[in-house]
Amino acid sequence: MSALARAQRRAPYALTGPALLVFLGLVIIPLAMTVLLSFYDWGQYTGIVPEFTLKNWLDIATDSYFLEIFLRTFRIAVLVTLASIVIGVPEAYILNRMSPGWRSVFLLVVIGPLLVSVVARTLGWALLLGSNGIVNQGLMALGLIGTPLEFMFTETGVVIALTHVLIPFMILAVWASLQRLDPQVENAAASLGAGWFTIWRRVILPQIVPGILSGAIIVFALAASAFATPAIIGGRRLKVASTLAYDEFLNTLNWPLGAAVATLLLIALVAIIVGCNRLVERRYAQVFE
Amino acid sequence: MSHLILEGLGKSYGPVVAVEALDLSVARGEFISLLGPSGCGKTTTLQMIAGFTPVDHGRILLDERDLGTVPPARRGLGIVFQSYALFPHMTVAENIAFGLEMRGIARPEREARTLEAMELVGLKGFSDRYPRRMSGGQQQRVALARALVIRPSLLLLDEPLSNLDAKLREEMQAELRQIQRSVGTTTVLVTHDQHEAMALSDRIVVMNQGRVEQIGAPDAVYGSPASAFVAHFLGKTNVLAATGDGNGAVAIEGLSLPLAGAPAGAVRLAVRPERLMLAAPQAPGFSARVTGRVFQGAHWLLTAESAAGPLTIIRHNDGQPVPGEGEAVRLAFTAADISLLPEGEAASV
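Because the structure is predicted, anything quoted here is derived from the model rather than measured.

Peer 1: Honestly, the environment of Leu31(A) in this entry has me stumped. Any pointers?
Peer 2: All names here are of chain A. Counting through the fold element by element, Leu 31 comes out in helix α1 (residues 3-37). Leu 31 sits in the partly exposed class, given 13 other C-beta atoms within 10 Å. Leu 31 sits 228 residues away from Ala 259 along the chain, and the two C-alpha atoms are 9.7 Å apart.

Peer 1: Explain the nonpolar core here, please?
Peer 2: Generally speaking, a soluble globular protein has its nonpolar side chains buried in company with each other. Membership of the largest hydrophobic core comes to 102 residues, with the highest contact counts inside it found for Ile96(B), Ala145(B), Leu156(B), Val188(B), Val205(B), Val206(B) and Leu269(B). Counting only domains with at least three residues in this core, you end up with domain 1 (2-228) and domain 2 (236-341) of chain B. Not counting the four nearest positions on each side in its chain, Leu269(B) is found in contact with Leu240(B), Ala242(B), Val250(B), Ile338(B), Ser339(B), Leu340(B) and Leu341(B). Counting residues in each nonpolar core, the second largest holds 53 residues, with Trp42(A), Val159(A), Val219(A) and Leu265(A) among its members.

Peer 1: Quick question: what am I supposed to make of the sheet that holds strand β15 (residues 277-278) of chain B here?
Peer 2: Pairing between the strands of a sheet is mediated by backbone hydrogen bonds and can be parallel or antiparallel. Residues and elements named next belong to chain B. Taking strand neighbours across the sheet as the criterion, the five strands line up as β15-β19-β16-β17-β18 in an open arrangement whose pairing is antiparallel. The outermost strands of the open sheet, each flanked by one partner alone, are β15 and β18 (311-316). Bridge analysis of strand β16 (residues 286-295) against strand β17 (residues 299-306) gives seven bridges, and the strand direction is antiparallel. Counted as the bridge partner of Ala 288 is Ser 306 from β17.

Peer 1: Quick question: what am I supposed to make of the interface of chain B and chain A here?
Peer 2: Note on interface size: it is often stated as the accessible area lost on association of the parts. Taken together, the contact pairs 19 residues of chain B with 17 residues of chain A. Among the elements of the structure, α2 (72-75) and α3 (92-102) of chain B are those that each provide at least two residues to the side of chain B that touches chain A. In terms of residue count, α3(B) provides more of the side of chain B that touches chain A than any other element does, three residues in total. Counted by class, the side of chain B that touches chain A contains 14 nonpolar, three polar and two charged residues.

Peer 1: What's the story with the pairing of strand β8 (residues 186-191) of chain B in this structure? I'm lost.
Peer 2: Residue and element names in this part refer to chain B. Buried residues dominate β8, accounting for six of its six residues. Side chains Thr 186, Val 188 and Val 190 of β8 all project onto a buried face; the interleaved residues Thr 187, Leu 189 and Thr 191 project onto the opposite face, where all are buried too. Bridge analysis of strand β3 (residues 31-35) against β8 gives five bridges, and the strand direction is parallel. When the bridges of β8 are listed, Phe 31 appears paired with Thr 187. Both strand β7 (residues 154-158) and β8 contribute to a ladder of five bridges, which runs parallel. Following the sheet pairing, Leu 155 is matched in β8 by Thr 187. For the segment spanning β7, helix α6 (residues 166-183) and β8, crossover handedness is right-handed.

Peer 1: Can you walk me through the domain arrangement of chain B in this structure?
Peer 2: Residues and elements named next belong to chain B. Taken as a whole, chain B is organised into domain 1 (2-228) and domain 2 (236-341). On the side of domain 2, four residues touch domain 1, which itself brings four residues to the contact. Among the residues making up the side of domain 1 that touches domain 2, the classes are represented as two nonpolar, two polar and no charged.

Peer 1: When you look at the confidence of the model for chain B in this model, what are you seeing that I'm missing?
Peer 2: If pLDDT is low for a region, its predicted coordinates should not be looked at in detail. For chain B, per-residue confidence averages 90 on the pLDDT scale, and 98% of positions sit at 70 or higher. Listed scores for the predicted complex are pTM 0.81 and ipTM 0.82.

Peer 1: Any chance you could explain unusual backbone geometry here in plain terms?
Peer 2: Most peptide bonds take the trans form, and the phi angle of most residues other than glycine is negative. Residue and element names in this part refer to chain B. One non-glycine residue, Tyr 84, lies in positive phi territory at about 75 degrees. Note on placement: Tyr 84 falls in the loop between β6 (78-80) and α3. You can call Tyr 84 buried: it has 23 C-beta atoms within 10 Å.

Peer 1: Can you walk me through the sheet that holds strand β20 (residues 339-341) of chain B in this structure?
Peer 2: Residues and elements named next belong to chain B. Read from one edge to the other, the open sheet built from five strands follows the order β13-β12-β11-β14-β20, with strand pairing classed as antiparallel. In this open sheet, the two strands that pair with only one neighbour each are β13 (255-258) and β20. With direction set aside, neighbouring strand axes in the sheet form an average angle of 40 degrees. One ladder, built from two bridges, connects strand β11 (residues 238-245) with strand β12 (residues 249-252); its direction is antiparallel. Following the sheet pairing, Thr 243 is matched in β12 by Ala 251.

Peer 1: I would appreciate a short explanation of the packing of helix α12 (residues 241-250) of chain A against helix α13 (residues 255-283) of chain A in the present structure.
Peer 2: Geometry of a packed helix pair, given as the angle between the helix axes and the separation of the axes. Residue and element names in this part refer to chain A. At a minimum axis separation of 7 Å, α12 and α13 run at an interaxial angle of 160 degrees. The angle between α12 and α13 places the two elements in the roughly antiparallel class. In the packing of α12 onto α13, the handedness of the crossing is left-handed. Residues Ala 241, Ser 242, Leu 244, Ala 245, Glu 248 and Phe 249 of α12 touch α13, and the partners they reach there are Trp 255, Leu 257, Gly 258, Val 261, Ala 262 and Leu 265. Class assignment for the residues of the contact of α12 with α13 results in nine nonpolar, two polar and one charged.

Peer 1: Help me understand helix α3 (residues 64-97) of chain A in this model?
Peer 2: The α-helix advances 3.6 residues per turn, and as a result positions three or four apart in sequence lie on the same side. For α3(A), built from 34 residues, the straight-helix expectation of 50 Å at 1.5 Å per residue is met to within 8% by its first-to-last C-alpha distance of 49 Å. Against α4 (100-115), α7 (155-179), α10 (209-225) and α12 of chain A lie the buried residues of α3(A).

Analysis parameters
- Residues numbered from 1 in each chain as written.
- Chains lettered and ligands numbered in written order.
- Predicted model: local features only at pLDDT ≥ 70, side-chain atom pairs only at ≥ 80, totals over all residues.
- Helix = DSSP H or I, 4+ residues; strand = E, 2+ residues; numbered from the N terminus.
- Buried ≥ 20, exposed ≤ 12 C-beta atoms within 10 Å, placed from the backbone.
- Core = buried A, V, L, I, M, F, W, Y, C linked by C-beta atoms within 7 Å.
- Domains from an automatic or database assignment.
- Contact = placed C-beta atoms within 7 Å.
- Pairing = 2+ DSSP bridges.
- Nonpolar A, V, L, I, M, F, W, Y, C, P; charged D, E, K, R; others polar.
- Right-handed = clockwise from strand over helix to strand, strands pointing away.
- pLDDT = per-residue confidence, 0-100.
- Axes fitted to C-alpha atoms, helices over the stretch in contact; angles between N-to-C directions.
- Parallel < 35°, antiparallel > 145°, perpendicular 65-115°, else oblique.
- Left-handed = near helix turned anticlockwise from the far one by under 90°.
- Expected span 1.5 Å × (residues − 1).

This is how it looks when you write it as structure tokens:
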């Protein structure tokens with residue numbers, strides 16, 4: 001084998017090497033250490049004890065306290081994902097139909113939430129949703145409700161605030177797949193006698209399923225692992241997996257238990273997303289090419 | 001009785017007039033082409049007939065019914081789009097059956113008619129294919145079957161062959177014509193391709209800048225173009241400067257021909273390149289000098305200069321000697337080959 005051929009064979013490894021090193025150092029090793037940490041022991045007075053134990057995992061598996069928190073986390077993530085689909089898909093469609101000038105204005109409005117710091121935005125929601133907030137005052141002034149609705153420190157409040165910040169990901173993903181649609185298919189369906197609802201259900205929706213799915217994956221993953229919004233709107237009592245892990249790490253100082261919670265969150269997320277992906281891809285195999 | 005009538009149909013986009021008062025009457029079963037360069041208003045006209053573009057003024061009558069307020073879904077027209085606009089997530093059979101399903105036709109009849117339509121366009125056995133897995137020509141056939149299966153009162157074709165390569169396009173032209181003949185659906189074709197329009201249509205509507213330039217059978221429009229635009233748009237043509245004597249005759253040098261309605265003084269005549277003949281040295285004719293010669297297999301394409309203007313001549317490759325570059329020739333044509341062009345039009349369209 002000539003020297004040139006050998007060099008060419010090595011080139012791909014040499015070129016991907018640096019990125020691989022960064023990935024290894026910043027993602028894989030810390031992740032592996034977190035997983036390892038979840039098997040360590042911990043005591044009130046001894047701190048972290050580097051001994052292999054399944055105690056943390058057994059705690060999580062048997063204590064209904066953890067089950068409740070994980071169920072709440074994924075309930076919130078599912079509701080946020082559904083709300084993003086219900087609101088985001090029509091919004092993306094309308095955006096796609098706008099004239100280019102208006103579209104760029106409203107695109108800015110859509111991604112607006114992402115441009116505001118998470119703390120400022122969440123505190124803004126806290127002001128709106130508080131029992132003396134504008135939403136409750138408005139509803140009471142209209143006579144729709146007698147007593148203030150509880151948004152703060154409830155799942156409803158967390159879902160509203162998370163939907164607000166995560167919906168741009170859904171809109172952009174759906175918009176991207178709408179742009180790939182042949183603009184004439186709607187006219188074609190209309191000429192064959194389909195009304196607008198049928199056109200939507202039978203022609204447009206099936207073709208943008210890949211966009212909805214990729215948007216849903218992003219929204220679900222971000223909603224399930226969100227920290228600041230549940231921390232501020234949900235408060236100390238309404239814990240989700242990420243705030244639980246935070247508390248174990250920084251308040252209780254039980255790092256191994258926190259690591260187990262974080263690892264479980266990661267595993268559950270990957271499993272749910274991969275499972276859903278498979279399911280939808282099989283159902284809509286033709287659109288995913 | 002006319003099947004489709006367009007009455008003073010017009011459409012403007014702001015100050016731009018897309019279609020200016022179009023009048024057209026199409027007979028049942030007729031194949032009619034709207035032909036013109038891009039921006040001539042042909043596509044806008046089709047869009048108005050289909051109902052996708054609102055009409056500014058004028059009326060569209062289909063079987064004496066005003067389509068003005070009828071939404072596209074209720075017009076019952078079959079449309080083949082330039083991009084075919086097939087539903088990529090449906091199989092061929094599902095695509096074709098979609099219109100029948102929308103009409104609430106029961107499954108057994110739906111399936112029978114879908115198969116029938118697939119047979120008509122030569123796609124038997126392709127039921128379960130997805131459009132993405134088919135060639136352009138096959139997709140085109142699916143689009144045609146999908147439009148025809150609903151038994152439309154009118155078939156609209158929007159540049160249906162423009163995405164196919166030249167050989168396939170010719171094949172599809174013949175087939176399209178044959179299918180249209182066999183089902184007898186009144187058809188309106190929009191195209192910028194003169195060959196396509198001439199090969200397919202019973203009548204051609206030549207449009208330019210939102211106006212109709214000429215309506216007529218392909219050979220009539222080709223043979224006697226009503227304007228310099230039509231003469232140039234449909235095939236190659238020569239515009240010759242001649243002199244009228246005021247008594248119904250025109251002359252170029254030694255060639256004098258009767259032409260009814262020719263005014264006195266300078267006139268402009270259109271003569272097709274294949275009608276310019278080489279004349280014997282002493283016979284009536286006018287002189288020209290060959291400036292170029294291109295061999296094209298079945299014929300020679302000659303360019304020449306003359307006192308009447310620059311010329312293009314087509315000589316059939318019939319074994320006779322062909323004049324070479326720089327050679328002086330004597331040319332003639334007959335009175336039947338002339339179209340008198342109206343005055344006031346730029347000669348260099």
